[in-house]
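Fold and contact review
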Amino acid sequence: MISFDEAVELIHSIAQPLGTETVSIADGARRVLAQPVIAQIDSPRSNVSAMDGYAVRADDLRHCPVSLEIVGQSFAGGAWNGTVPPGSCARIFTGAPVPDGADRVVIQEKVRTSGNFATIEEHAGAARYIRERGSDFAEGEELLAAGRLLDPRALVAAAAADVAQLEVHRRPRLHILSTGDELAEPGTARARSDAIPDSVSVGVAALAGQWGADCIGRTRLRDALPAMEDAAREAVGRADLVVVTGGASVGEKDFAKAMFAPLNLELVFSKVSIKPGKPVWLGRAGGKLVIGLPGNPTSAMVTARLLLAPLLAGLTGRAVAEALRWRTAPLASPLRPCGGRETFHRGRWSGSAVEVLSFQDSSAQKALANADLLVRQPPESPALEPGAEVEVLEF
Ligand code: AMP
Ligand code: MG
């Protein structure tokens with residue numbers, strides 16, 4: 001059995017991006033750049049005013065008060081092409097090009113107007129209120145590197161670069177197969193006394209979507225091998241990555257691996273020394289990746305967060321490490337010693353400290369909803385008192 005760090009190392013070595021495609025910037029949200037974004041224009045495009053006010057010659061302000069004739073008006077998107085001669089000024093608004101001759105802006109709060117004249121009573125301060133051409137970025141500059149996730153802030157920079165199309169990594173197509181005779185579509189379980197809602201595939205699909213997957217299907221399978229083999233073949237045919245839930249351990253009807261045997265399943269790892277989620281496995285079958293998650297909902301979501309998210313990060317062209325940004329925080333509650341398996345407790349923020357949830361069962365579903373953190377406790381760790389620093393991961 002390998003350690004968690006060894007499992008992440010294996011994921012790192014196999015999670016390669018799947019190819020690229022071009023998308024319009026309007027469809028760029030949450031995609032990952034395959035090519036850098038290069039500025040096609042300067043920003044600002046010329047020297048522009050940072051404020052609403054009057055564009056003047058600094059020389060004319062040496063002896064205030066001074067009255068300057070208003071000889072033009074410059075708007076954003078409506079530049080005035082004249083020149084401000086000595087003893088004159090131009091009305092100007094935020095983002096408008098500063099006319100020739102002017103070399104500073106006086107904010108309108110410092111100006112009194114009468115007819116065609118602007119009077120500046122006192123010295124207007126040192127600030128010029130001019131944003132120089134290219135002071136944000138210059139044409140030809142790389143604004144966003146390849147591998148960058150297009151979050152809302154990155155999209156602003158991409159659009160400001162004046163590009164319409166972005167070269168991004170293709171999203172991995174993911175198919176979820178949830179195994180279990182007991183499973184029913186949420187909303188229908190009450191009709192059968194031995195049924196439970198298939199909650200895991202709903203959560204895994206959402207988590208995978210957050211990490212860039214395109215979830216193309218979610219199929220519930222009964223624990224019967226021949227039909228499971230057919231479903232495995234079909235899923236592998238359509239998807240880049242198949243997630244199987246349940247049936248991962250040694251129960252008599254645990255067929256999650258067996259169903260991929262006719263597709264020559266090759267295991268990358270078959271168990272990881274973690275708690276919860278030890279039966280999690282990863283392999284290749286029919287040329288595609290297959291990850292098997294335990295069926296217990298907390299185990300499934302913990303292993304999805306710890307191993308599926310990094311796998312998807314790598315498949316979408318991001319660094320695997322971006323999915324595992326551990327940080328340290330002090331415990332708000334004590335932790336008991338842990339055994340030989342690295343343990344990932346469910347916790348939540350309590351101010352700037354971490355409270356470990358009291359119900360830690362691997363089948364938990366309500367407690368799962370209350371957890372916003374995973375708290376990492378190394379194998380054979382002694383008991384930890386409140387205040388001890390632990391590693392935590394956003395869950
Ligand atoms: P298994 O891994 O198939 O042995 O399942 C372990 C436990 O998780 C059992 O109690 C199952 O009923 C439950 N379980 C398995 N799959 C799911 C699922 N998709 N949604 C909710 N619970 C599940
Ligand atoms: Mg089962």
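In this report, the structure presented in the accompanying data block is examined. (Residues numbered from 1 in each chain as written. Chains lettered and ligands numbered in written order. Predicted model: local features only at pLDDT ≥ 70, side-chain atom pairs only at ≥ 80, totals over all residues. Heavy atoms only, no water.)

**Topic: the overall build of the protein**
Quick note on the threshold: Labels follow the DSSP assignment, with helices taken as runs of H or I lasting at least four residues and strands as runs of E lasting at least two, numbered in each case from the N terminus. Only protein chains enter the calculation, and the probe is 1.4 Å; a residue is then buried if its accessible area is under 20% of its type maximum, exposed if over 50%, and partly exposed in between. The charge count treats Lys and Arg as positive and Asp and Glu as negative. His and the chain ends do not count. One atom stands in for each charge, and that atom is NZ of Lys, CZ of Arg, CG of Asp or CD of Glu.
Across its full length, the protein holds six helices and 26 strands. By the burial criterion, 47% of the 395 residues in the protein qualify as buried. The positive charge centre, built from 41 side chains, and the negative charge centre, built from 47, are 4 Å apart in the protein.

**Some points on the site of ligand 1**
Test applied: Near is defined per residue: the residue qualifies when any heavy atom it owns lies within 4 Å of the molecule or strand. Residues adjacent in sequence count toward polar contacts only when both atoms are side-chain atoms; beyond that, a polar contact is any pair of N or O atoms within 3.5 Å, and within protein one must be able to donate a hydrogen and the other to accept it. Each accessible area is a Shrake-Rupley result for a 1.4 Å probe, and residues are judged covered by the shown protein chains and nothing else. Residues were grouped as follows: Ala, Val, Leu, Ile, Met, Phe, Trp, Tyr, Cys and Pro as nonpolar; Asp, Glu, Lys and Arg as charged; and all remaining residues, including Gly, as polar.
Around ligand 1 there are 15 residues in total, and Glu182, Asp198, Gly247, Gly295 and Asn296 lie nearest to it. Within the backbone of Val200, one N or O atom sits 3.3 Å away from a nitrogen atom of ligand 1. The separation between an oxygen atom of ligand 1 and a polar main-chain atom of Gly247 is 2.8 Å. When the free accessible area of ligand 1 is taken as 480 Å², the share hidden by the protein chains comes to 76%. Taken together, the elements giving at least two residues each to the shell around ligand 1 come down to strand 15 (196–197) and helix 3 (199–210). In the shell around ligand 1, the residues fall into five nonpolar, seven polar and three charged.

**Topic: the pattern of salt bridges**
Formally: By convention in these notes, a salt bridge is any Lys or Arg side-chain nitrogen within 4 Å of a carboxyl oxygen on Asp or Glu.
By the definition in use, this model includes 20 salt bridges. A salt bridge links Glu342 to Arg376, with the shortest nitrogen-to-oxygen separation between them at 2.6 Å. Separated by 34 residues along the polypeptide, Glu342 in strand 23 (residues 342–350) and Arg376 in strand 25 (residues 373–377) bring together distant segments of the chain. With a relative accessible area of 9%, Glu342 lands in the buried category. The shortest N-O distance in the salt bridge between Arg348 and Glu355 comes to 3.4 Å.

**A short note on the side chain of His345**
To be explicit about the condition: Should any heavy atoms of two residues lie within 4.5 Å, those residues are considered in contact.
Positionally, His345 belongs in strand 23. Of the residues examined, His345 reaches a relative accessible area of 12% and is grouped as buried. Separated by 2.8 Å, the side chains of His345 and Gln377 make a polar contact. In this structure, His345 is in contact with Leu335, Val356, Gln360, Leu373, Leu374, Val375 and Gln377, ignoring residues within four places of it in sequence.

**Topic: empty space enclosed by the protein**
Condition: For cavity detection a 1 Å grid was placed over the protein atoms alone, and a set of points counts as a cavity when a 1.4 Å probe fits there but cannot get out; an open set counts as a pocket when protein lies on both sides within 12 Å along at least five of seven lines, with lining residues being those that have an atom within 4 Å of a point. Grid points are joined across faces, edges and corners, and a volume is the space filled by probe spheres set on the points.
Under the definition given, this model contains one cavity of 30 Å³ or more. Taken as a whole, the largest cavity holds about 40 Å³ of empty space. Lining the largest cavity are Arg30, Arg31, Val32, His169, Arg171, Gly212 and Thr316. A class-by-class count of the residues in the lining of the largest cavity yields one nonpolar, three polar and three charged.

**As for helix 1 (residues 4–14)**
Our working definition: Relevant arc is that of directions from the helix axis to the C-beta atoms, nothing else.
If you check which residues of helix 1 are buried, you get Phe4, Ala7, Val8, Ile11 and Ile14. In an axial view of helix 1, the angular spread of the buried residues amounts to 130°, which keeps them on one side of the axis.

**Focus: the packing of helix 1 against helix 5 (residues 297–315)**
To be explicit about the condition: In this analysis an axis means a line fitted to C-alpha atoms, helices contributing only their contacting stretch, and an angle means the value between N-to-C directions, from 0 to 180 degrees. Here the word oblique covers every angle except those under 35 degrees (roughly parallel), over 145 (roughly antiparallel) and from 65 to 115 (roughly perpendicular). Helix crossings fall into two classes, left-handed where the near helix is turned counterclockwise from the far one by less than a right angle and right-handed where it is turned clockwise.
At a minimum axis distance of 10 Å, the contact between helix 1 and helix 5 shows a crossing angle of 20°. In terms of axis orientation, helix 1 runs roughly parallel to helix 5. Helix-helix and strand crossings are classified by hand; for helix 1 and helix 5 the assignment is right-handed. Contacts between helix 1 and helix 5 involve Phe4, Ala7, Val8 and Ile11 from the first element and Leu306, Leu307, Pro310 and Leu311 from the second. Tallied by class, residues from the contact of helix 1 with helix 5 come to eight nonpolar, no polar and no charged.

**What to know about the pairing of strand 9 (residues 117–120)**
To be explicit about the condition: Strand pairing requires that DSSP identify at least two bridges connecting the strands.
The pairing of strand 5 (residues 66–74) with strand 9 spans four bridges and is classified as antiparallel. In the strand pairing of strand 9, Val66 is matched with Ile120.

**Quick word on the nonpolar core**
Inclusion rule: Throughout this description, the term nonpolar core refers to a set of buried Ala, Val, Leu, Ile, Met, Phe, Trp, Tyr and Cys residues connected via side-chain atoms within 4.5 Å.
Ranked by size, the top nonpolar core spans 45 residues in total, and within it Phe4, Leu241, Leu306, Leu307, Leu308, Leu311 and Leu312 carry the most contacts. For this core, the secondary-structure elements that each account for two or more residues are helix 1, strand 13 (173–179), helix 3, strand 17 (241–245), strand 21 (288–293) and helix 5. Looking at which element gives the most residues to this core, the answer is helix 5, with twelve residues. Residues Ala232, Ala239, Val244 and Phe255 belong to the second largest nonpolar core, which totals 19 residues.

**Focus on helix 4 (residues 225–238)**
Working note: α-helix, 3.6 residues per turn, so residues spaced by three or four point in the same direction. What counts is decided by this rule: In this scheme, a helix's expected span is set at 1.5 Å multiplied by one less than its residue total.
With 14 residues, helix 4 should cover 20 Å at 1.5 Å per step; its first-to-last C-alpha distance of 20 Å lies within 8% of that length. Buried-residue contacts for helix 4 involve strand 13, strand 16 (214–221), strand 17, strand 20 (281–285) and strand 21.

**Structural notes on the packing of aromatic side chains**
We count it as follows: Pairs were defined over the aromatic rings of Phe, Tyr and Trp, the Trp ring being its six-membered one, requiring ring centres within 6.5 Å. Orientation was assigned from the angle between planes: stacked under 30 degrees, edge-to-face over 60, tilted for the rest.
Overall, the coordinates contain four aromatic pairs when judged by the stated rule. Considering the side-chain rings of Phe4 and Phe344, the 5.2 Å spacing of their centres and the 65° angle between planes classify their relative orientation as edge-to-face. With Phe4 in helix 1 and Phe344 in strand 23, this pair connects stretches of sequence that are 340 residues apart. Neither residue differs from the other here; Phe4 and Phe344 are each classed as buried. Pairing Phe260 with Trp281 gives two aromatic rings, centres 6.3 Å apart and planes at 65°, and the pair type is edge-to-face. Taken together, the positions of Phe260 in the loop between strand 17 and strand 18 (266–269) and Trp281 in strand 20 put the pair 21 residues apart, joining distant regions of the chain. Relative accessible area serves as the criterion here: at 0%, Trp281 is assigned to the buried category. The rings of Phe4, Trp326 and Phe344 are connected pair by pair, giving a single aromatic cluster.

Read these as spatial facts, not as claims about activity.
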